[in-house]
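# Chains, contacts and geometry: an overview
Now for the letters of each chain:
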Amino acid sequence: MKGLWLEDNQLELRTDIPVPEPTQGEALVRVLCAGICNTDIELKRGYYPYSGILGHEFVGIVETGPQHLVNQRVVGEINAACGKCRFCRSGQPTHCENRTVLGIVNRNGAFADYLCLPIENLHPVPDHVPTEVATFTEPLAAALEIQQQVAIHSDDRVLVVGDGKLGQLVAQTLALTGCDLLAVGRHQDKLANLEARGIKTGLVDAIVDRSFDISVDCTGNAEGFALARRALRARGTLLLKSTYAGNLSVDASSLVVDEITLIGSRCGPFPAALDLLAQERVDVKPLIHAHYPLAQGIEAFERAQIKGVLKVLLEMSH
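We now turn to the structure provided with this report. Everything numeric here is computed off the predicted structure, so don't read it as measured data.

### Notes on the pairing of strand 13 (residues 180-185)
Extensive coverage of strand 13 is indicated by the burial of 5 of its 6 residues. As paired strands, strand 12 (residues 157-161) and strand 13 are joined by 5 bridges and run parallel to one another. Bridge assignment links Val 161 to a residue of strand 13, and that residue is Val 184. Once you follow strand 12 into helix 5 (residues 165-175) and on to strand 13, the crossover reads as right-handed. Sheet analysis places strand 13 next to strand 14 (residues 201-203), joined by 3 bridges and oriented parallel. Looking at the pairing, Gly 185 lines up with Leu 203 of strand 14.

Next comes the structure, spelled out in structure tokens:
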């Protein structure tokens, strides 16, 4: 089968990869569509030592698995858990100590004709949700994780820093809470997507220091973190949604003095994300900037890395 293979920070399109064979409790999924994420780009830059097929945002059709899923379109949670460690036993499989992670840690990913995942990770896609829309389930679930970690009230002043793919999804999901929300970025055309949904936006210089209760950094760079930190009042909460290569410089003393809560945030609830897409309460279509066949995967990656480009989708032809 074809697949985009990463090794030694080099990406190549290979056509000689064996079709994976599902182990006990897994399903074989024929990939229809997969989205290129900032994490994929950072993996290529060396953020984590991974070799194999990239990709973790996907929609596919179950080819072999339980009867109720065969021939169904599905999306899949990316953490394959052991079921036995203390995190699994306490209902936190995304932190399984022995997990593999689709296209990220010791498990070949979705930029290929086929992938394997545990059956329990798979969620059927409602019939009326288009495949390209359902491809956003994983990042939308990640955006919703914020609300699993922090109680957000209507009188909270909340800031989202970053107008990229994840920042747009975070802003749309936070807007549903009714909080006093501001989303800031550097690209007026991207911010226009949020303004069209009635979300208050501004350029980065619109931030008033020490005026927010909660801030979310979706930028993937140190400057974005600094902006999100500066915006917080004492006893504020700063959520980090981005993974990126390189180290972050933090003024630890200011976190102590202001009693700031710092929270890392990644994978979230798939059923809730699928519900939002099915009810069209979140609009992902403006985020799609390009479609490429898998055979042009290298070109798709180059396009995805261009400043200002949002989601690039890879489509598998079978």
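Now that the structure has been shown, we can carry on.
### Thoughts on the sheet that holds strand 4 (residues 52-53)
Spatial strand order, 2-1-4: 3 strands in an open sheet with antiparallel pairing. One side of each edge strand has no neighbouring strand; the edge strands of this open sheet are strand 2 (10-14) and strand 4. Sheet topology places strand 1 (residues 3-7) next to strand 2; 5 bridges connect them, and they run antiparallel. Following the sheet pairing, Glu 7 is matched in strand 2 by Gln 10. Of the strands in this sheet, strand 1 and strand 2 touch helix 10 (residues 297-304), which is tilted by about 145° from strand 2.

Thresholds, definitions, all that
Residues numbered from 1 in each chain as written. Predicted model: local features only at pLDDT ≥ 70, side-chain atom pairs only at ≥ 80, totals over all residues. Heavy atoms only, no water. Buried < 20%, exposed > 50% of the residue type's maximum accessible area, 1.4 Å probe, protein only. Helix = DSSP H or I, 4+ residues; strand = E, 2+ residues; numbered from the N terminus. Pairing = 2+ DSSP bridges. Right-handed = clockwise from strand over helix to strand, strands pointing away. Contact = heavy atoms within 4.5 Å. Axes fitted to C-alpha atoms, helices over the stretch in contact; angles between N-to-C directions.

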